[in-house]
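# Architecture and fold: a report
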Amino acid sequence: MARESVDLARVSDWPLVPTNEDILCKVSQSVIVLRNFEGISPDLHETLRSFGIKTLKTSFSGHILLKQLIQAPSSTSVLTALSHLVNKKLETLPSLFISVPNAVRTGLRQYLSTGSKTGDQVLVLKSLPIYQVYQQEDFVDLTLTRHLAPSHIVESLLDSTFVKPILNTDRDLYKTLDLSVISRSMLYLNHVFPRLDQLEPTLRDSTMMSIISDLPKIAQENPDFASVMKTTAFVTVASGTLKPPCQLYDPRVEEFSSLFDVDEDFPSGVYLQSNMLSVLQSLGLRSTLTPTVLIESAKSISDNADRNLASSMKRSKALLKYIDLNLANILEPQTPKGLSRFASFLYGSNTQSAAETAMFANQIVQVAWLPILPVASHPVLPWKESKFPFAAPIDTVASSDAWFASGSKHVLDGHISSKEVKTLFGWDKPVTSSTVAQQLVQIAAIFKLKSQLTADTTLISMIPQLYERLSTDASVRQVLKGQDWVWVTDDFLSADRVAFRSPIDMRPYLHTLSRDLLIFQPVFGSLGIRNDFSSEDFLDVLDRMKAKSGDASLSDADLALALSLVQLLADLRIEGRIVYVPDSNHILMASDALVYNDAPWFQQASQRFVHPKISNEVAEHVGAKALTKSLLDQNGDVAVMEVDIENAEAFGQHESLTSRLKHILEMYPDGPGIVYELLQNADDAGSTEVCLMISEKTFGDSSLLGSKMKPWQGPALYFYNNSVFQEQDFKSISSIGQGSKLEDLAKTGRFGLGFNSVYHFTDVPSFVSGDYVVCFDPHVKYLPRINHQNPGLKMKFVSSNLLHQFPDQFEPYLFFGNDLKKRFNGTLFRFPLRNDHTAAESHIKATAYTMNELLNLVAMLQQHGPELLLFLKNIRKVSFTRMDSQGKIEVLFQAQLKFEDPRQSQQFLDIYKFVHQKKAVFNQNLLQLTSSQLPKAEATVQIDTVDHLGERHLSRWIVCSAIGGGRAQKMAVTSQGMKFVPWGSVAALITVDGMASSLEHGNAFCFLPLPVKTGLPVHVNGYFELSSNRRDIWYGDDMTGVGKLRSDWNTVLLEDVIGPLYARLMVLTTRLVENGSSLVKYWPPGNINEPWQLVVNKVYKMLANEAVFYSAINNGTWLKAEQAYFLVESTQNQNTLTQVLLSHKIPVVDLPSHILKLMEDNGLPIRYLSPAVLKTFLQKLRIIPREDAVVFLKFYLTSPNPNTVQGLSLLPLMDGTMGVIESPASRKSYYVFPQADLALFHSLRHLTVDPTLDPQLIELLSQPEVEQCMNIRLFAMKHFPDVLDLILPQTWKGKDQVSLKTNNPVSQEWIYQLWQCLDRQCSDLEVIQEWPIIPTNEGYLCRINKEGTIVLRGVSELPSPVSSLLFKAGVRTLDPAIAHPDLARFVKSASPASMLEVLNRIKERGDDWNTIFQEVQVNERRSLRRFLEQHNWSQEDRSAFYLTVMWSLPIFEVFQVEGCFNLKENHRLASTEIDEGLLDSNFVKPVLETDRGFYLTLQVPQVNTVQFFKDYFLDKIQSANPDL
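These numbers were taken from a predicted model, which means no experiment stands behind them.

## Focus: the overall build of the protein
If you tally the helices and strands in the protein, you get 54 helices and 53 strands. For 1524 residues, the compact-globule estimate of 2.2 N^0.38 gives 36 Å, and the C-alpha radius of gyration of the protein, at 58 Å, exceeds that figure by more than 25%. Along the three orthogonal principal directions, the C-alpha set of the protein runs to about 185 × 95 × 55 Å. A buried classification covers 51% of the 1524 residues belonging to the protein. Considering only contacts within the protein whose residues lie at least 6 apart along the sequence, 67% involve residues at least 24 apart.

Set out below in structure tokens:
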């Protein structure tokens, strides 16, 4: 084949290739045949042979065709053979290597690593299991992703995804195989962090320490690295588990220790080092109590409760306490400040957004973290059970609300005082009424269930409080409907078994609400409790008795109740309903089965009689039958027409009435004045008790005096008093305006017209008094047998048959003890109301008077309830009642006056007796007495009132009354024809129900209220001259004649009688009120209407020398004006200041400014407590308590002259001492530091204003005016020099740099805090240029200098030799943690120009360059030279300066001398054509390729060949080297 030059392709399928293995291989498979195994180790070539690689038969090695066909052994030929084998036996490749030893695999890898590789060969090479990886003994192929680890990585950290370079050739091989070197960041992220928990603890911690120390570089390599670290669990906690920094808390923050689990939530071990904690803080370690942190604390409480309940409970209470104290700060979002990117990365922004605040407010109430009470505190309390000891605030109530919601809410085990927290938790609002209702029902159910329980004081005291929370909402009514909830002494009942009133005691069947619960009547009424039980209730009780007793006899108690109920039902005229009635055997029977005995002489044994205690009348009304039939002759209506009436005479008013009365009504308007007239008439008559009754009842109309009286049997107004008409009274009332009372001065109702105002109500007024009934009929149309001369009847009923003859007519008078049989010792007026029909026919008033109008009238009277009795002479009790259509009477209002000292009432009677005489006698007596001898009275009275709900109130009044002297005394005597009486009174309200009270708007009285408001805080009563309708007093400057006389009288009455009485009342009031603040309410105000201003001025003048000014000094003392010091009302915190002044025995009096103004206007001596006066007191005190000093300081700061405080030790300082406030020029200053800077200036506690002072005082101390007049400074930029002067050593001042490494009075952390403060407070750093405060990486502090510093930023980014030179030369590198907007003026980024400036400053400090560069190596100098060469100096503004500095630097090299030198004038740059062997030290030596150009830039003179030989060489040729 060789001879014939056969084309081997034609025989490719023939096995023609001989091998040493005695196998013929196809020509096409010749690639698996090598010429030999030369250069391959025996073990390896045996392995290759086992794979199927053959060697050419040795005897054929020289064959020309085979030599061309068969490859020599090499990495390429072996790979080609293996590639062929792999293609043929790919699925068996792993099995080929099963028995291959590791050493052979290593040898194969080494052998195959040489030479270049094709793509297919690379794939085959990667598929071979000949590679070693970490953490695994077996060899692997590279079909899966594998990596090369970066250098200097601890092998223990590498997993099996990293190939292990064993041989020197491995790394090159791996690069050939496209295995990349993974970055450190990706190695940690993908291969270390996921298996941190599998690493040995020591290795893990050392690895993380290394990562943390290189964190800036790694973060620069991968910006996301730090973010991943924040969430990577690598920090060991006390329990031994690993957690990410973002889930842990800084143990340096004291509050955290009580809020989080010490075993699970804090770093431990090596991570407790301060530097480690600082880095962890940058990685998310929680160092501030943000709302998010507090939420996490709350969640951890419930999450860890099962593991450690005691710890969770402790932390729960600690969190509650913290939130209670600090919620306002938690909820106040902070304003973010700009941070550099590096600072943001390192420290975080530490800001709080509004969204975070909202999240906190929403989640803190949802998480179950509050400690709750496990069991009820009282046996009847319903309890919401919980196996878990914590609950969310929304499911919890404060312990104070336990009694209102414990059945539906958990109860807090703790206390909250913060209003903000209560608002956040929703506890600021009362528990809803429906919840309280549910609670009440549950309490009642438990009480009933536990039959052994009895009501203790706690339950009894809580029941009213529960009722106070109820409302009338539909939800409450729904909850209580049909449930037991009403407390009746010893049990709970449903509302349908309770009423507010009951005519009899029906327990245990029905109950009335106890008196102490009647205050809830309005609410209870809406919730189903009725005012009264109905007839159906009475019948139901009898039904229940019957069901209980059956046919047996009733018990004594039930019998008594049954008899009472039957009596009630008889009064109610029950019809159509079976009534159970006790029979004679005490057995309940239906009433229609019983008879009553109306014929006692006739009785049949077979009859069942009603109980003998039931009268025949009652029995008949409840449906029992009469034993005999009633013999009645009349069954129909009888109209009595024009009957002859015995003992009756014509009687009535003699004037032409209807038109006269109509005119009177126009003068006397409708309203309370009508009743006032009746009251005055009763008072004049000596009545002590009156009652006004509204009647809605319509009486029978069958037996009337005349048929026309029928319209007047309906609703009416009654007026009762307990005096009896005298003969003169009958005459007076029958006259209209005859002045019958003018001669009796004591009778205040001296206007005869007044009584006729009752015609507003009716056309037919009537009354009963003594032996007579009197009816008026001005129209002469309703009463029989009257005429226009005598339009009325006066009927004597005593010893007559009047009631028997006309029962319907006179039944309406059978009230108030009147039976129309015997003499009636009282007077009862009846005014039947004019209806629409009678109004249409009336000539007096054509308007009906409705029941609503009557009720409104009574309501208006009630507004003056207690006051009605104040100035009446005799009446001591007033009642308003209402009778319904069924005749049932209820009290609407009642008032009763009593003297606290009964003896005082005699004084008022003496005045009455003095006045109660003829005018002439009165005048004579008045003339004989001096002012001091005139009768006077003063007393304390109590007025007890009860309203329609039974609500009782007791008011206490002081009343002064007197006959006055002076001009009033004289005018009363000399004014002929006038009824002037110098009689006046003043009354002041002292208490209501034991609580201090007073009048807001006093009234004028003429013994009864007038529709006149005086503007005074007291009621004023006087014998005023009034208008004819009694609605105004006479007063004015535009009157003449009698009008002026009346006006003058009222003036002197006010000034000479009322004014002195008011002043006397003020003096008496000091004995009754508790303190001066109570008396303030009684001082007359200014600027009120005339004529009442006359009283004001008189009172103030008369009190000038009276001890009516209260000071709490010595447990309370009343002082005269000249003895007291007064505070201006605008003084801030006046109440507190007053208390403090009093504690120091300063007789201060606190009065409103308007009172002080009136005192000044009326000449009273006033001493104000000015700052100067206070200073004299304070200077005498040896010690001023801190809390008192705060109050005094506020006083001075808010006064017009705050500088008066100078010299007083009133300033509370942070160290607990008190600072002396001095002038602004004082050498000693105190500072108000921001809260954020307190830790920074902690060493100045003795000069720091106490930050715990209340914010108002801090704000006052922070005002610019304070700094202008005191030595107190609100810390600002301008104060930095003074403050640093106090903190830093004086030896530092002016120094360019100091070391932080030895004996340092401040820490690096403090310096960082200082710069944070500067960032906030100081925009111009030049103010602190005297102090070295710039921290550097080299551990120094350098001084700020407006000329520049020796500090550069970014030096680490320079070439290493350059940065090393700068360090050795004394250049400092700015600590990267420092950022400030103004710092760029003083610290520049490292550049050629800035480096020269800094080096020049170092030189200017005094050292020469050789000293500065003493430790700098030549290569470092060259590097600096190279660095400077790269800069374009021609563009610099100060190029000449920089050239000068560069010339001076010892960084240049010369010929013939080792080392570096600065440039000198004699230095030259030789031409490149000159042999360097000829050059000496006068020539600079261009060592670097850029040196020549740099020297030219530096303007070093260049010497050419001619100049060199001329000027340098020829002169020195004698000394030149002969060889050269």
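## Details of the side chain of Arg1343
Turning to its location among the elements, Arg1343 is positioned in strand E46 (residues 1340-1343). Overall, Arg1343 belongs to the buried group, its relative accessible area being 16%. A distance of 3.2 Å separates a polar atom in the side chain of Arg1343 from the backbone oxygen of Gln1329. With residues up to four places along the chain from it excluded, the contact list for Arg1343 reads Gly1294, Lys1295, Asp1296, Gln1329, Glu1330, Trp1331, Pro1332, Ile1334 and Thr1349.

## Brief notes about unusual backbone geometry
Cis geometry is adopted by the peptide bond preceding Pro508, which originates at Arg507 and carries an omega value of 5 degrees. In this chain, Glu1090 is followed by Pro1091 through a cis amide linkage whose omega measures 5 degrees. Mapped onto the elements, Pro1091 comes out in the loop between helix H38 (1076-1080) and helix H39 (1093-1102). In this model, Asp178 sits at a positive phi of 65 degrees, which is unusual for a non-glycine residue. Positionally, Asp178 belongs in the loop between helix H7 (170-176) and helix H8 (184-192).

## Focus: helix H37 (residues 1041-1069)
The end-to-end C-alpha distance of H37, which contains 29 residues, comes to 40 Å, matching closely the 42 Å that a straight helix rising 1.5 Å per residue would cover. The sharpest bend along H37 measures roughly 35 degrees and falls at Leu1054. Burial runs high along H37: 21 of the 29 residues are buried.

## Some words on the pairing of strand E1 (residues 15-18)
Pairing between E1 and strand E2 (residues 24-26): three bridges, direction antiparallel. Bridging across to E2, Pro18 finds its partner in Leu24. Counting the residues in the hairpin turn of E1 and E2 gives five residues, including Asp22, whose phi is positive at 60 degrees.

## Things to note about the packing of aromatic side chains
Taken as a whole and judged by the stated rule, the model has 69 aromatic pairs. Note on Phe1452 and Tyr1495: the rings are 5.9 Å apart at their centroids and 50 degrees apart in plane angle, and the pair reads as tilted. Placement of the pair is Phe1452 in strand E50 (residues 1452-1454) and Tyr1495 in helix H53 (residues 1491-1497), with a sequence separation of 43 residues. Just as Phe1452 is buried, Tyr1495 falls in that class too. Ring centres of Phe1508 and Tyr1512 lie 6.3 Å apart, and the angle between their planes is 15 degrees; this geometry places the pair in the stacked category.

## Quick look at helix H20 (residues 433-449)
The α-helix winds at 3.6 residues per turn, so residues separated by three or four positions along the chain end up facing the same way. Between its first and last C-alpha atoms H20 spans 24 Å; for 17 residues at 1.5 Å apiece the expected length is 24 Å, and the two agree. The set of residues buried in H20 consists of Ser433, Thr435, Val436, Ala437, Gln439, Leu440, Val441, Ile443, Ala444, Ile446 and Phe447. Structurally, H20 contributes buried residues whose contacts are with helix H18 (402-405), helix H21 (457-468), helix H22 (474-480), strand E11 (486-487) and strand E12 (492-493).

## Observations regarding the packing of helix H42 (residues 1171-1178) against helix H43 (residues 1186-1197)
Two quantities define a packed helix pair, namely the angle between the axes and the distance from one axis to the other. Remark: H42 packs on H43, axes separated minimally by 11 Å, with the N-to-C direction vectors making an angle of 155 degrees. Accordingly, the angle class assigned to the pair H42 and H43 is roughly antiparallel. As H42 packs across H43, the resulting crossing turns out to be left-handed. In this structure, H42 contributes Pro1171, Leu1174, Lys1175 and Leu1178 to the contact, and H43 contributes Phe1192, Phe1195 and Tyr1196. Here the residues of the contact of H42 with H43 sort into six nonpolar, no polar and one charged.

## A look at the sheet that holds strand E49 (residues 1388-1389)
Across a sheet, strands are paired by hydrogen bonds formed along the backbone, either parallel or antiparallel in direction. If you trace the three strands from one edge of the open sheet to the other, you get E48-E47-E49, paired in parallel fashion. For this open sheet the edge positions go to strand E48 (1372-1373) and E49, each flanked by a neighbour on one side alone. Where strand E47 (residues 1351-1353) lies against E48, two bridges are found, and the strand directions are parallel. Of the residues in E48, the one forming a bridge with Val1351 is Arg1372. Here helix H49 (residues 1392-1404) sits on the sheet in contact with E47 and E49, set at roughly 160 degrees to E47.

## Some words on the packing of helix H46 (residues 1280-1287) against helix H47 (residues 1308-1321)
Remark: H46 packs on H47, axes separated minimally by 13 Å, with the N-to-C direction vectors making an angle of 165 degrees. Between H46 and H47, the angle falls in the class roughly antiparallel. As H46 runs across H47, the sense of the crossing is right-handed. Of the residues in H47, those touching H46 at Phe1280, Leu1284 and Ile1287 are Trp1310, Leu1314, Cys1317, Leu1318 and Gln1321. Looking at side-chain class alone, the contact of H46 with H47 contains seven nonpolar, one polar and no charged residues.

## Brief notes about the environment of Leu285
With respect to the element layout, Leu285 can be found in the loop between helix H13 (274-282) and helix H14 (291-303). Residue Leu285 is classed as buried on the basis of its relative accessible area of 3%. In this structure the C-alpha to C-alpha distance between Leu285 and Leu199, which are 86 residues apart in sequence, comes to 23 Å. In this structure, Leu285 is in contact with Pro245, Leu248, Tyr249, Asp250, Pro267, Leu277 and Leu280, ignoring residues within four places of it in sequence.

## A short note on the sheet that holds strand E13 (residues 498-501)
What the three strands build is an open sheet, ordered E14-E13-E15; its pairing is parallel. Looking at the sheet topology across the chains shown, the edges are occupied by strand E14 (511-512) and strand E15 (530-532). Bridge count for E13 against E14 is two bridges, and the pairing is parallel. When the sheet's bridge partners are listed, Ala499 is paired in E14 with Thr512.

## Thoughts on the nonpolar core
If you look at the biggest cluster of nonpolar residues, it comprises 135 residues, and the most contacted ones within it are Phe761, Trp1083, Phe1109, Leu1151 and Met1159. With 13 residues, the top contributor of residues to this core is H37. Ignoring any residue separated from it by four or fewer positions in sequence, one finds Phe761 in contact with Ile674, Leu717, Phe831, Pro832, Leu833, Arg834, Tyr849, Leu854 and Leu857. One finds Leu1318, Leu1352, Val1362 and Met1395 within the second-largest nonpolar core, a separate group that totals 78 residues.

## Describing the side chain of Asn222
Its location among the elements puts Asn222 in the loop between helix H10 (215-221) and helix H11 (225-230). The exposure class assigned to Asn222 is buried, which follows from its relative accessible area of 12%. In contact with Asn222, other than residues within four places in its own chain, are Ser185, Met186 and Leu189.

## Brief notes about the environment of Ile943
Looking at the element boundaries, Ile943 is found in strand E29 (residues 936-947). For the pair formed by Ile943 and Lys877, sequence separation is 66 residues and the distance between their alpha carbons is 9.1 Å. The contacts of Ile943, once residues within four sequence positions are left out, are Pro866, Leu869, Leu870, Ala895, Gln896, Leu897, His953, Leu954, Ser955 and Trp957.

## As for the pattern of salt bridges
Summed over all chains, the structure comprises 64 salt bridges. The residue Asp159 makes a salt bridge to Arg195 at a minimum N-O spacing of 4.0 Å. One end of the pair, Asp159, is in the loop between helix H6 (119-127) and H7; the other, Arg195, is in the loop between H8 and helix H9 (201-213), and 36 residues separate them in sequence. The two residues Asp159 and Arg195 agree in class, both being buried.

## Description of the pairing of strand E40 (residues 1209-1212)
Bridging between E40 and strand E41 (residues 1218-1220) involves three bridges; their strand directions are antiparallel. Bridge assignment links Ser1209 to a residue of E41, and that residue is Val1220. In this antiparallel pair of consecutive strands, E40 and E41, the connection spans five residues, and Gly1216 shows a positive phi of 95 degrees.

## A look at the environment of Leu128
Take Leu128: it is sitting in the loop between H6 and H7. Given the relative accessible area of 1%, Leu128 is considered buried. Sequence spacing of Leu128 and Pro1200 is 1072 residues, and the spatial spacing of their C-alpha atoms is 98 Å.

## Quick word on the confidence of the model for the protein
On average, residues of the protein score 86 in pLDDT, and 92% of them are at 70 or above. Helix H16 (residues 341-347) is the least confidently modelled element of the protein, averaging 36 in pLDDT, while strand E22 (residues 716-721) averages 97, the highest of any element. Note on residues 334-350: pLDDT under 50 across the span, and 24 contacts to partners over four residues away in sequence or across chains. Considering only residues more than four positions removed or in separate chains, one finds that residues 628-646, a stretch of pLDDT under 50, has 23 contacts.

Cut-off values and rules
Residues numbered from 1 in each chain as written. Predicted model: local features only at pLDDT ≥ 70, side-chain atom pairs only at ≥ 80, totals over all residues. Heavy atoms only, no water. Helix = DSSP H or I, 4+ residues; strand = E, 2+ residues; numbered from the N terminus. Rg over C-alpha atoms; globule rule 2.2 N^0.38 Å. Buried < 20%, exposed > 50% of the residue type's maximum accessible area, 1.4 Å probe, protein only. Contact = heavy atoms within 4.5 Å. Polar contact = N/O pair within 3.5 Å; in protein donor to acceptor, adjacent residues only side chain to side chain. Expected span 1.5 Å × (residues − 1). Bend = angle between axes of the 7 residues up to and from the residue. Pairing = 2+ DSSP bridges. Phe/Tyr/Trp six-rings, centres within 6.5 Å; stacked < 30°, edge-to-face > 60°. Axes fitted to C-alpha atoms, helices over the stretch in contact; angles between N-to-C directions. Parallel < 35°, antiparallel > 145°, perpendicular 65-115°, else oblique. Left-handed = near helix turned anticlockwise from the far one by under 90°. Nonpolar A, V, L, I, M, F, W, Y, C, P; charged D, E, K, R; others polar. Core = buried A, V, L, I, M, F, W, Y, C linked by side-chain atoms within 4.5 Å. Salt bridge = Lys/Arg side-chain N within 4 Å of Asp/Glu carboxyl O. pLDDT = per-residue confidence, 0-100.

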